[in-house]
Amino acid sequence: MKRKLLSVLLASAMLVSLTACGNNDNGAVTNNESAAPKTESTAPAEENDDAEASEPSTESTAPEVSSERPTTPSGQLIIGTTTDLEQDFYDPIYNNSATNYKVCGLLHGYGTVITTKEGEWQTDPVVVADLQTAENEDGTKTYTIKINDGLVWSDDSPLTAKDYVFALLLESSPEMMGVDNYAATGYTTLEGWADFNSGSTKALKGVHLIDDMTFSVTIAASELPYHYDLAYASVTPRPLAVLAPGCDIEDTEEGATITGDFTTEVLLETIGNTDTGYRYNPQVVCGPYKLVSYDASSRQGTFEVNEKFAGTFDGVKPMIKTVIIKTVTADTEINELQAGTVDLLFQISGGDSIEAGLDLVDAGVAQKHTFFRYGYGKIQFDCSQFPTDSENVRQAIAYCLDRNEFARQYSGGYATVVHGEYGLSQWEFVDSKDWIDENLNTYEKDIEKAKEVLAADGWNLNASGEEYKDGDGLRYKDVDGELKPLEIQWCNSEGNPVSELLGTMLPDAMKEAGMELKATTTDFPTLLSGINHDGETTYNMYNLATRFSLQHSPWYYYSMDEMYLGSLNDNWILDQELADAAWALKAIPGDDDAAWLAAWQNYQKVWNQKLPNIPLYSDEYHDFYSNKLQGWDTSSIWDWTSALVYAWVTE
Amino acid sequence: MRTGRYLLKRFIYIIFVFFIISILMFAIYKSLPGDPVRMMMQDNVKPEVYQQQYEATKKMLGLDQPVPVQYIKWITNMLRGDFGYSTEYRRPVKDVIGVPMRNTVLLNIFSMIFVFLIAVPLGITTAVKKNSVFDKIVQVVTIIGYSVPGFVIALLAIYVFAIRFPIFPISGVKTAGFTGTGFAAFLDTARHMVLPVLVMSVGGIGSITRYVRASMIDALRMDYIRTARSKGLKEKVVVYVHAFRNALIPIVTVTTWWLIGLFGGSVVIESIFLWDGLGKMMITGLNQRDFSVVLAMQMFYVILSLAGNVLMDIAYTMVDPRVKLEN
């Protein structure tokens, strides 16, 4: 922890100095002169209280507050979101809209494993009394988890190990798949999952109920070793008595099983009933908040504190009594904040909205909080298509774009540029700053360099098949006796400002280097079908954005296994060196930071050379919120639903 | 008898056209690039599990069948009142379409009432006072009204009435946290409806005023108007009974289309004012390749249009006895 705190402080100092230096190696183009890679806040300082004492402090980046945190929940907070809240509260498998995804986290708590504010995986001490790990002779790994006594559901009924085992069985079962085609993808790493999921076995081999408060999960040998293997022990409970009334959990030698009338028909009523089903109207939950109402005509959800919630991993209970989530549009969201019809807008990006929000802050009407995105916008190459199957061509395109200028124009100055597959909030980046400056190619715009790498790749001919000279226009290459032009098919989605900006910055520079950029604008499903090679046309490149998962697993994204091509490896890249560099990360134990960092740096170096994507920008997100909201502290890995539990309001 | 035969013929025609359009629509949407199954799947899943789930989902949706079989199943279910399964919301279409339809109809009804209450008297007055200063002012204003894009008027209205002078809410259908019921709930929704109704009405008032005016000017030129006046009838009777009734035919045409349009959502208005209606749902359905939703809405509009034509014909006979349905 100390090392990572130090990393954060170093990062703060580093970015401040980088910003002061102006044109920097690291590509930061932020407008925010005091921007640190983690957070910035304009709220005044707070005295530490018990609730905050155990919260990981970020010192200069921690929120400053103007009132004491209350001891009982009070007040109301209206949160504006640009993504509609749907009446769908089971889990993201049913509805993975950004808002629903997060709201599910507010309702369904007591997961056995959580991530801290720094992104570290650990068991939740409020939930887990004891975790024992055993590596078995057959290569499997068993986690035995003892649950704390005294946890209850929101209806005051006791929460036991059966609720955890039930969740594992339910969400792996063929019966559940019959409920609106639930995609049972949560626990696929369990031993015996495939047999249970197909209905071949009634018991799930990798799950055992040991006693009322203890259960175990066994991970299949094929899934190990795995850097984030603690995540395999992550289980979120489901209320057995509510979802499968009259059913019970029984442990057998073959694993745990559900006894009683456990059928799809029952689940269609308890989960799928549009009025009373758990998917639409969950009334027995164990997260920090519970659902009060959902108004379908306005798509507004009202949530209230779950008084029975025992607290977060560090013992914090929510102190904002009522939370309302409503939709806003990007065009008027700042006006809504000014008018007081919303109290919080989170993850605002784009120069116009940010400037408007900052005006409110300057006028004393609102507060702000900023942090960098854990991901980036990118040009994604299809590395199976000629000519972007050549890394030289991909590099040449990178040399044709002034990415710092691109990020500045796109974001109004509220974005940064990275040079590998990482985000600025990652500790690996913070620890590798000097190494990155020394080892990664920053691909500064350089048309001569682009010509050089193209020439080295055999693009030395003109349309007549003679040696290429400047002024000949398009470059050609002799491929098995056929003269092929250096044309890049680019697919972009409509109404996308990134596409529009690339369309003004790239074509002329590429033309100067001897390439031709042919753009096709489509809607997003068509673009996706191009990436997946489903459609009639395949393209060389796309512009997209990505957010890293907390279990970021590049070994899957660059796997050469045919099964991964087009799915997780959506670059369709078959590069042994890159695949090996990524694969080397997978087996490193979760607590071996030194080994991980060394392998990570090697992976970034290879990635930076192979360049399956060109990173374009990484946004500096802004949260804007009314002055009544206190203690607000988010980051790219500590989102608004996490921060909500720690914040409070002054009316 | 002749009317009955005419209506029967039109009914058969409607059925025929309905099926032809249903085949065309189904074929068009099926040929669009983009995979609805892929759109509803989570992609961060192990490939073997993904493929298994993909095939199961495809089978559940019936997309593993040949397209003609899919069409027959779809149209048969549709005729039974089963509009299919929304891949975006993972619910039956009939469960997701009700609330947006109610919102759209509510907005359109108020907008229509507002438009006709203003536009018809205004059109008549400007026709009667043709070439007066009042008429010229109304002409200029109505031209502006229907030529300025809706989104410009919407943003202007938000700026003036919600930001500069915060009289009405910026967006939404109800106040966040509002718990009132009955009349209080209606008033709250009505308050949110003012700006979208106002914006929708500006264009409508512009066009219908000009329709009514032109129609009335034609009617006022007729000999029977001169006769009515020479008989010593009051000017109000001449205008509202004799002239206006004869000017109704073009107005009936416009009114019928407005009635049909009650169910057609405005993408622009709904998006700007966050009024959750059918226009927004249609766009979302198209963007997500949620073909069941889109096709159900399209076929609903087809039926409305075809039925609207018949209603229009019947309305003609009511306002003008010279019109016979057999003609």
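Engineer: Give a description of the side chain of Thr329(A) that names residues and reports values.
Structural biologist: By the secondary structure assignment, Thr329(A) is in the loop between β13 (320–327) and α9 (333–339). Residues contacting Thr329(A), with those up to four places away along its chain left out, are Thr82(A), Ser271(B), Ile272(B) and Leu274(B).

Engineer: Describe in detail a negative patch on the surface, supporting the description with residues and values.
Structural biologist: On the surface, a cluster of negative charge is contributed by Asp352(A), Glu355(A), Asp359(A) and Asp362(A). Structurally, Asp359(A) can be placed in helix α10 (residues 351–362).

Engineer: I'd like a rundown of the confidence of the model for chain B, residues and numbers included.
Structural biologist: Residues and elements named next belong to chain B. For chain B, per-residue confidence averages 88 on the pLDDT scale, and residues scoring 70 or more make up 99% of the total. Looking over chain B, one finds the lowest element-wise mean pLDDT in helix α11 (residues 248–261), namely 79, and the highest in helix α4 (residues 67–79), namely 95. Scored as a whole, the predicted complex attains pTM 0.86, and scored at its interfaces, ipTM 0.85.

Engineer: An account of the pattern of salt bridges is requested, with residue identities and associated values reported.
Structural biologist: Residue and element names in this part refer to chain A. Under the criterion given, the structure shown has 37 salt bridges over all chains. Between Asp-619 and Arg-373 there is a salt bridge, and its shortest N-O distance comes to 2.6 Å. Within this pair, whereas Asp-619 is found in strand β23 (residues 613–626), its partner Arg-373 is found in the loop between β15 (366–372) and β16 (375–381), the two being separated by 246 residues in sequence. The salt bridge involving Lys-610 is made with Glu-577; its shortest N-O contact spans 3.1 Å.

Engineer: Would you mind going over unusual backbone geometry in detail, with residue names and values included?
Structural biologist: Residues and elements named next belong to chain A. Residue Leu-224 is joined to Pro-225 through a cis peptide bond whose omega torsion reads -5 degrees. The residue Pro-225 is located in the loop between β8 (214–219) and α7 (240–243) in this model. Backbone geometry places Asp-156, a non-glycine residue, at a positive phi of 75 degrees. Here Asp-156 is to be found in the loop between β6 (141–147) and α4 (161–170).

Engineer: How would you explain the interface of chain A and chain B if you had to name every residue and give the values?
Structural biologist: The partner chain B presents 43 residues to the 51 residues of chain A that form the contact. Surface buried jointly by chain A and chain B totals about 4000 Å² across both partners, of which 53% is contributed by carbon and sulfur atoms. Considering only the surface of chain A that becomes buried against chain B, Asn181(A), Ser297(A) and Pro525(A) emerge as the three largest contributors, covering 15% of it. One can count five salt bridges joining chain A with chain B.

Engineer: Break down the sheet that holds β6(A) for me, with residues and values.
Structural biologist: Residues and elements named next belong to chain A. What the four strands build is an open sheet, ordered β5-β6-β8-β7; its pairing is antiparallel. Of all the strands in the sheet, the pair left with one neighbour each is β5 (128–135) and β7 (207–211). Taking the axes of each pair of neighbouring strands and ignoring which way they run, one obtains an average angle of 20 degrees across the sheet. Two strands pair when backbone bridges link them, and β5 and β6 are joined in this way by seven bridges, in the antiparallel orientation. Directly across from Asp-130, in β6, lies its bridge partner Lys-146. Here α4 sits on the sheet in contact with β6, β7 and β8, set at roughly 170 degrees to β7.

Calculation criteria
Residues numbered from 1 in each chain as written. Chains lettered and ligands numbered in written order. Predicted model: local features only at pLDDT ≥ 70, side-chain atom pairs only at ≥ 80, totals over all residues. Heavy atoms only, no water. Helix = DSSP H or I, 4+ residues; strand = E, 2+ residues; numbered from the N terminus. Contact = heavy atoms within 4.5 Å. Patch = residues over 30% accessible without salt bridge, like charges linked within 9 Å, V, L, I, M, F, W, Y side chains within 5 Å. Areas by Shrake-Rupley, 256 points an atom, 1.4 Å probe, with all protein chains shown as cover. Salt bridge = Lys/Arg side-chain N within 4 Å of Asp/Glu carboxyl O. Lys, Arg positive; Asp, Glu negative; His and termini not counted. Charge placed at Lys NZ, Arg CZ, Asp CG, Glu CD. pLDDT = per-residue confidence, 0-100. Buried area = accessible area lost by both parts, 1.4 Å probe. Pairing = 2+ DSSP bridges. Axes fitted to C-alpha atoms, helices over the stretch in contact; angles between N-to-C directions.

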